[in-house]
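Given next are the chains, with one letter for each unit.
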Number of protein chains: 2
Amino acid sequence: MNIYDIAAEANTSISTVSRVLNNKGNVNPQIRKRVEEALKKYDYKPSAIARGMVSKTMKSIAILTIDVRVTHYARMIYVIEQEFSNQGYNVTVCNTGGSIGECDRYFKILAEKQIDGLVLIGSIFNNLIHYPQIIAQIKEIPVVLANGHVDSPNFYSVLVDDTKAIRTVVDYLLDGGRKNLVYVFDLENDSAQAKRRGFVEGLKLRDVPQPESRVFTAAYGLEGGMKAAEEIIRSGIPFDGVLCGEDTTAIGVMKGLKKQGYRIPEDVAVTGCNNSPEARICEPELTTLDNKPELLGGMCAQLLRDTIEKKGSAVSVAIQPELVVRQST
Amino acid sequence: MNIYDIAAEANTSISTVSRVLNNKGNVNPQIRKRVEEALKKYDYKPSAIARGMVSKTMKSIAILTIDVRVTHYARMIYVIEQEFSNQGYNVTVCNTGGSIGECDRYFKILAEKQIDGLVLIGSIFNNLIHYPQIIAQIKEIPVVLANGHVDSPNFYSVLVDDTKAIRTVVDYLLDGGRKNLVYVFDLENDSAQAKRRGFVEGLKLRDVPQPESRVFTAAYGLEGGMKAAEEIIRSGIPFDGVLCGEDTTAIGVMKGLKKQGYRIPEDVAVTGCNNSPEARICEPELTTLDNKPELLGGMCAQLLRDTIEKKGSAVSVAIQPELVVRQST
DNA sequence: TTGAAAGCGCTACCAC
DNA sequence: GTGGTAGCGCTTTCAA
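What counts, and where the lines are drawn
Residues numbered from 1 in each chain as written. Chains lettered and ligands numbered in written order. Predicted model: local features only at pLDDT ≥ 70, side-chain atom pairs only at ≥ 80, totals over all residues. Heavy atoms only, no water. Helix = DSSP H or I, 4+ residues; strand = E, 2+ residues; numbered from the N terminus. Rg over C-alpha atoms; globule rule 2.2 N^0.38 Å. Buried < 20%, exposed > 50% of the residue type's maximum accessible area, 1.4 Å probe, protein only. Contact = heavy atoms within 4.5 Å. Areas by Shrake-Rupley, 256 points an atom, 1.4 Å probe, with all protein chains shown as cover. Lys, Arg positive; Asp, Glu negative; His and termini not counted. Charge placed at Lys NZ, Arg CZ, Asp CG, Glu CD. Pairing = 2+ DSSP bridges. Axes fitted to C-alpha atoms, helices over the stretch in contact; angles between N-to-C directions. Parallel < 35°, antiparallel > 145°, perpendicular 65-115°, else oblique. Nonpolar A, V, L, I, M, F, W, Y, C, P; charged D, E, K, R; others polar. Salt bridge = Lys/Arg side-chain N within 4 Å of Asp/Glu carboxyl O. Near = heavy atom within 4 Å. Polar contact = N/O pair within 3.5 Å; in protein donor to acceptor, adjacent residues only side chain to side chain. Least-squares fit on C-alpha atoms with pLDDT ≥ 70 in both. Buried area = accessible area lost by both parts, 1.4 Å probe.

Under an unreviewed UniProt entry, the name given to chain A is Transcriptional regulator, LacI family, and the organism recorded is Enterocloster lavalensis.

*Asks:* Would you take a moment to explain the overall build of chain A for this structure?
*Replies:* Secondary structure summary: chain A contains 13 helices and 11 strands in total. What you see for chain A is a C-alpha radius of gyration of 26 Å, clearly larger than the 20 Å of a compact globule of 329 residues, by over 25%. Considered along the principal axes of its C-alpha atoms, chain A spans approximately 90 × 40 × 30 Å. Relative to its full complement of 329 residues, chain A shows a buried share of 55%. Counting contacts in chain A only where the partners sit at least 6 residues apart, residues at least 24 apart contribute 68% of the total. Here chain A displays about 14,300 Å² of accessible surface, and carbon together with sulfur accounts for 50% of that area. Taking the average location of the 39 positive side-chain charges in chain A and that of its 40 negative ones, the two points are 6 Å from each other.

*Asks:* Is there a simple way to explain the sheet that holds strand β9 (residues 269–271) of chain A in this structure?
*Replies:* All names here are of chain A. Taken together, four strands build an open sheet; the order of strands is β7-β6-β8-β9 and the sheet is parallel. At either margin of the open sheet sits one strand with a lone partner, and together these are β7 (215–217) and β9. The average undirected angle you get between the axes of adjacent strands in this sheet is 20 degrees. Bridge count between strand β8 (residues 241–244) and β9: three bridges; the pairing is parallel. By the bridge assignment for β9, L243 is matched with T271.

*Asks:* I would appreciate a short explanation of the environment of A:I135 in the present structure.
*Replies:* Residues and elements named next belong to chain A. By the element assignment, I135 lies in helix α7 (residues 132–136). Relative accessible area serves as the criterion here: at 9%, I135 is assigned to the buried category. With 54 residues separating them in the primary sequence, I135 and N189 have C-alpha atoms 19 Å apart. The residues contacting I135, other than those within four sequence positions of it, are L128, I129, V150, S152 and F155.

*Asks:* Can you help me understand the packing of helix α1 (residues 3–10) of chain B against helix α2 (residues 14–22) of chain B in this one?
*Replies:* A pair of packed helices is characterised by two quantities: the angle between their axes and the separation of those axes. Residue and element names in this part refer to chain B. Put simply, α1 and α2 touch, their axes get as near as 8 Å, and they point 100 degrees apart. When the axis of α1 is compared with that of α2, the two are roughly perpendicular. In this structure, α1 contributes I3, Y4, I6 and A7 to the contact, and α2 contributes I14, V17, S18 and L21. Its residues placed into classes, the contact of α1 with α2 shows seven nonpolar, one polar and no charged.

*Asks:* Help me understand the pattern of salt bridges in this model?
*Replies:* Two side chains carrying opposite charge are able to pair once their charged atoms lie near each other. Tallied over the full model, the rule gives 40 salt bridges over all chains. Residues A:D267 and A:R263 are paired through a salt bridge, measuring 2.8 Å at the closest nitrogen-oxygen approach. Accessibility expressed as a relative area gives 26% for A:D267, which makes it partly exposed. Notably, a salt bridge pairs B:R305 with B:E83, separated by 3.3 Å at the nearest N-O pair. Residue B:R305 is located in helix α12 (residues 293–308), and its partner B:E83 is located in helix α5 (residues 71–86); the two are separated by 222 residues in the primary sequence. Owing to a relative accessible area of 12%, B:R305 belongs among the buried residues under this scheme. For B:E83, a relative accessible area of 23% corresponds to the partly exposed category. Here the residues in one salt-bridge network are A:E83, A:R305 and A:E309, joined through shared partners.

*Asks:* Which parts of the structure should I look at to understand the protein's contact with DNA strand D?
*Replies:* Residues in contact with DNA strand D amount to 28 residues; listed here are only the nearest, A:T12, A:S15, A:R19, A:K56 and B:Y44. Restricting attention to atoms of DNA strand D within 4 Å of the protein, one finds that 61% of them are sugar or phosphate atoms. Take B:K24: an N or O atom from its side chain is 3.0 Å from a phosphate oxygen of DNA strand D. One nitrogen or oxygen atom from the side chain of B:Y44 is found 2.4 Å from a phosphate oxygen belonging to DNA strand D. Breaking the surface near DNA strand D down by element, the ones donating at least two residues are α2 (14–22) and α4 (48–55) of chain A together with α1, α2 and α4 (48–55) of chain B. Classifying every residue of the surface near DNA strand D gives 13 nonpolar, 11 polar and four charged.

*Asks:* In this structure, what is going on with the side chain of A:T96? I would like to understand it.
*Replies:* Residue and element names in this part refer to chain A. Its place among the elements puts T96 in the loop between β2 (90–95) and α6 (100–112). The exposure class assigned to T96 is buried, which follows from its relative accessible area of 3%. Excluding residues that lie within four positions of it along the chain, T96 makes contacts with L64, T65, I66, E102, C103, Y106 and F125.

*Asks:* What exactly am I supposed to notice about the relation of the copies chain B and chain A here?
*Replies:* What relates the pair of chain copies is a rotation about an axis plus a shift along that axis. For these two chains of identical sequence, chain B goes onto chain A by a turn of 180 degrees and a shift of 0.0 Å along the axis, with RMSD 0.1 Å. Viewed as a symmetry operation, the transformation between the two copies matches a two-fold axis. Taking the C-alpha atom as reference, chain B places B:T92 closest to the rotation axis, 2.0 Å from it. Both copies present the same face, since 100% of the interface residues in chain B are matched by interface residues at the equivalent positions in chain A.

*Asks:* I would appreciate a short explanation of the interface of chain B and chain A in the present structure.
*Replies:* Bring the parts together and some accessible area is lost; that lost area is often taken as the interface size. With 56 residues of chain B at the contact, the number on the chain A side is 56 residues. Taken over both partners, the interface formed by chain B and chain A buries close to 4,800 Å², and the fraction arising from carbon and sulfur atoms is 54%. Of all residues in chain B, B:I49, B:R69 and B:I281 give up the largest surface area on contact with chain A, accounting jointly for 15% of the area buried on that side. Inspection of the chain B/chain A interface yields six salt bridges. Here B:E283 and A:K258 are joined by a salt bridge, their closest N and O atoms 2.6 Å apart. The interface formed by chain B and chain A contains 28 residue pairs in polar contact (both at pLDDT 80 or more). Only α4, α5, β2 (90–95), α6 (100–112), α10 (222–235) and α11 (247–259) of chain B provide two or more residues apiece to the side of chain B that touches chain A. Per element, the largest residue contribution to the side of chain B that touches chain A is nine residues, and it comes from α5(B). Among the residues forming the side of chain B that touches chain A, the class breakdown is 22 nonpolar, 13 polar and 21 charged.

Below, the structure written as C-alpha cells:
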C-alpha cells in the first residue's frame, strides 16, 4: 500500500495525496475528502524510509552510554527520550561499555543511518579526543556531551561542576566540627578526577596540610567501599569524615565501618554522590550530592535540539550539584 | 559522496561498486582494488536509508517499556540491546509510562519506520488485547512480550512463573517455622496479580483457612511499605512473616516494622521480589526472588531474532524465579 | 565479469 | 488547484 494506490483509489495524482498527507498547499475540499477516505480505507502509513530518502533525515537521535543499567544514566536517558519523542524523534540507545572500539562501531552504523544527533553520557567519552579518526566518522552530526568536553567543531557540552560540589561538602563537614576528612576515589574517569580535585582544593583552602595524603583509592561498589573502610582504619590516619565519589561506594564504606564498631554519624560522617535511591535505603540514610541528572539530561536535549534545528544554541552553563543532608553526617 | 562518485573515481559502474561493498558476486581483483581505494579515499559511507528503501528494513528494533529508570527493566533492555547490536541492529527505546495513548503514538511512528521487531517489557502491555485497532497498526511486525501475553498472530511471549515463585516462598517460610504469613499487594498489573494468587494458593495448599483475608493492599515503594506495616499491625492479625510483591515495598515494610520495635528476622520474616541492588543495601539484607531479568531479556531477544529471520522459533518455556535467602528471614 | 536500467515510495519543482 | 516528472542512493535483474 503506497502513495500510488491511494492516488488511484481517490482518482487523483500522488502530488495531491502528498499535499493532503503533509497539509501543504491548497487542495480542493472534495478531492481532499476522497483522499482522506482512501487513506482511512486502506489504513495507509507513509514510508518514513522513502521520506528519509528525500529529506535526508529519519528524525532519530542516539544516546551512547556506558551502561543503561546505571540508574544515574537511566535517569538522563529517560528525560532525553521524553523530550525528543515529544518532537517526533525516536531515540536509539547504545551501551558501549566504555570501550572505544564499541564506540567506533556504533558511530559507523549511526552515521550510515544518518542519525540527526548524538548524546554521549559520561565523562569517559572525553577520551575520544585522542581518536580523531573515530570522531571523523561523525563530523557531520551534532554531538552533545553530558558532563564531558571534546574540542571539536560539532561537539557541544553541558557540564556539572563536580569540583565545586565536593568543595562544598568539605566545607560543610569542617564547619560541622569534623576535623580529619579522608576521600575515597573509586573511579578513573574525568568526573571522578574532578571530584577528587575538589576534595584536595577544599582542604587546601582550609589550610589542611598534605591533603593528597588523605585520598584513598578503592574499587567502585559495595565491596570496594568495605575494603576502603578497612584500609582507612589500617592506615592509622585519624579520621572522622569520609567523602566518597559514588553513593554505592559510600554505602560500602558505612557497612565496613559499622562492622568495625564505628558509629555513624557519631564517630564518623560519611557522604556519597549522586543522590541515588540507595542513599535512602541504607542505614543511616546517606548524606549525598544531588547532581541533578534530570536537569542535565534536559539541558542536553535542549542544546541538541537547538543545534539540529539550527537555532542559536543555548548559553553553556555548568550545573551546580546540591547537598542533600541525611543521617550519615 | 555517493555510490556514483565512487564508481566515477574507480572508473567503473555503480553495480560493481555495490558488489564490492556487499561482497556479492565476482569482481576483477584490479577493479576491486581501485574501488576499495576510492572508498577509503573519500571515506565513503553507504546510505542505510537508501538501502532500506530497497530492502524494506533499516535493521532496527524497538523496546517499549513503562520507564527505563526502573532497574529491573533496564537490566532487560541492556541484554536485548547487546544481543541485537551484535547482529548489526539498532535498538530504539520508548518510555510509554504505561499509557495506552503513548503506546499508540509509538506504534504508529515505529510502523512508519518499518521497524523489524518489537519487545514490550512489562505485563501492563497485556492490556493491549482490549485495543484491536492499536494492535492493528503493527500487524506486520513481530512482537515479543516479556512476561506478558496477548492473543494475536504476530505476538509471542516469554513468561515468568510468578505464581509458582511466590508459592515457593510461602513453603519456605512455613517450613522454616513461621506460622502466620501476610501478603502486601502493591501493584495492579498482571504480574502482581499472579504473585498474589501464588500467596493465596500457597496457603490453601497448606490448609491455612481464609488466605484472602491475609492480603493487604499498599502503594508501591518505600512510603507505601511503611504504611503497609502500620496497617498490618493495626489490623490486630497475628503475623510473623510478610511477603511483598516488590523489593522496594518490602524494604519499606521492614523500616516500618523496625520503627515499631519488631526485630527482623527474629520477630518477623520479610521477603521481597526482584533481587534488586537495594535488597543488598537495606538492613537486614532482604530475602528476595531472583526473577532473572537478564535471562528473560536474552530469551526475548532470541525469540524475536528467530522470528524476524524466520527460523523456527524457540519453544516457549516459562522462567522459574529462584529464592535468594538473606538475613531478613 | 561487467554495466545499463528498473525500481523502492516519497517530496518538490514546474508547467498547466 | 492539479498532475507530471525528476530525483534521493541504493540493490537487483538482465543482457552483453
